[in-house]
Amino acid sequence: MYYHPRQGYLIIASAVQKDSAAWLSIPPLETVATEGTPKELGAKIREGLRKSKEAGFIDRKDVEDFKFWQMTEIKGINGFKSFSKRFQCINFFREGKTLIIEAMVRDSYGAYEAPKDEESRILLPASASDEKIGQAVLKLLKPEKAPVGK
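What counts, and where the lines are drawn
Residues numbered from 1 in each chain as written. Predicted model: local features only at pLDDT ≥ 70, side-chain atom pairs only at ≥ 80, totals over all residues. Heavy atoms only, no water. Helix = DSSP H or I, 4+ residues; strand = E, 2+ residues; numbered from the N terminus. Polar contact = N/O pair within 3.5 Å; in protein donor to acceptor, adjacent residues only side chain to side chain. Contact = heavy atoms within 4.5 Å. Axes fitted to C-alpha atoms, helices over the stretch in contact; angles between N-to-C directions. Parallel < 35°, antiparallel > 145°, perpendicular 65-115°, else oblique. Nonpolar A, V, L, I, M, F, W, Y, C, P; charged D, E, K, R; others polar. Core = buried A, V, L, I, M, F, W, Y, C linked by side-chain atoms within 4.5 Å. Buried < 20%, exposed > 50% of the residue type's maximum accessible area, 1.4 Å probe, protein only. Expected span 1.5 Å × (residues − 1). Arc of directions from axis to C-beta.

Novice: So what exactly am I meant to see when it comes to the side chain of R121 here?
Specialist: As for its placement among the helices and strands, R121 is situated in strand β9 (residues 121–125). Among the polar contacts listed, one links the side chain of R121 to the backbone oxygen of P115, at a separation of 3.0 Å. A distance of 3.0 Å separates the side chain of R121 from the side chain of E118, its partner in a polar contact. Not counting residues within four places of it along the chain, the set of residues in contact with R121 comprises I100, I101, E102, P115 and L140.

See below:
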């Protein structure tokens, strides 16, 4: 999931590339407005997790034209590197009965990596309500770290 104060939340499911351990973003791009409720946000995230689980393994060629970073209203985004300068990233994954939610950190190449501090990670029961999931995301989004850009 990606967030920009003007664009709102971009929720994108992912799948594992065949013959690789790489994760690939898969369509469709789902959105929630900045003023959306935690429950609405959590419901879209849960749907994205379901789509990711059902997607299985895919060929890169099947999604190579899905460039979600070009589907935003924010000006000046020419590629993923410039997108990542402006959008915060939250990652979700399940380990057993636990949903792990992480505020990712942008690296110098424009990619996101897992955080090293525990304050950037929230663990919830996988059965947590949509509202609890949305509230956890809001807690991890740090205004002082919000990307700049129009």
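Novice: Looking at this model, I keep getting lost on the packing of helix α1 (residues 38–55) against helix α3 (residues 130–140). Mind explaining?
Specialist: Packed helix pairs are specified by the crossing angle of their axes together with the interaxial distance, meaning the distance between the axes. Taken N-terminus to C-terminus, the directions of α1 and α3 make an angle of 100°; their axes are 6 Å apart at the nearest point. Between α1 and α3, the angle is such that the two are roughly perpendicular. When α1 is examined against α3, the residues P38, K39, L41, G42, A43, I45 and R46 are found in contact with a partner set consisting of D130, E131, I133, G134, Q135, V137 and L138. Taken together, the residues of the contact of α1 with α3 sort by class into 7 nonpolar, 3 polar and 4 charged.

Novice: What am I meant to see in the nonpolar core here?
Specialist: In summary, soluble globular proteins display a tendency toward joint burial of nonpolar side chains. Counting residues in hydrophobic clusters, the biggest one holds 20 residues, and the most contacted among them are M1, Y9, I90, F92, I101 and V137. Broken down by secondary-structure element, the contributors of at least two residues to this core are β2 (8–17), α1, β5 (88–95), β6 (98–103), β9 and α3. Take this core: its biggest share by element is 4 residues, from α3. Every residue in contact with Y9, bar those within four places of it in the chain, is listed here: M1, Y2, Y3, E30, T31, V32, A33, T34, L41, V137, L138 and L141.

Novice: Before we go on, may I ask you to explain α1 in this structure?
Specialist: Note: α-helices contain 3.6 residues per turn, so residues at a spacing of three or four share the same orientation. Under the 1.5 Å per step criterion, the end-to-end length of α1 is 26 Å for 18 residues, consistent within 8% with the ideal 26 Å. Here α1 has its buried residues at L41, G42, I45, G48 and S52. Across the axial projection of α1, the buried residues extend over an arc of 120°, all falling on one side. For α1, the exposed residues set more than 90 degrees away from the buried face come down to K39, K53 and E54. Buried residues along α1 sit in contact with β2, β3 (23–32), β5 and α3. G56 sits one or two positions beyond α1 and adopts a positive phi of about 65°.

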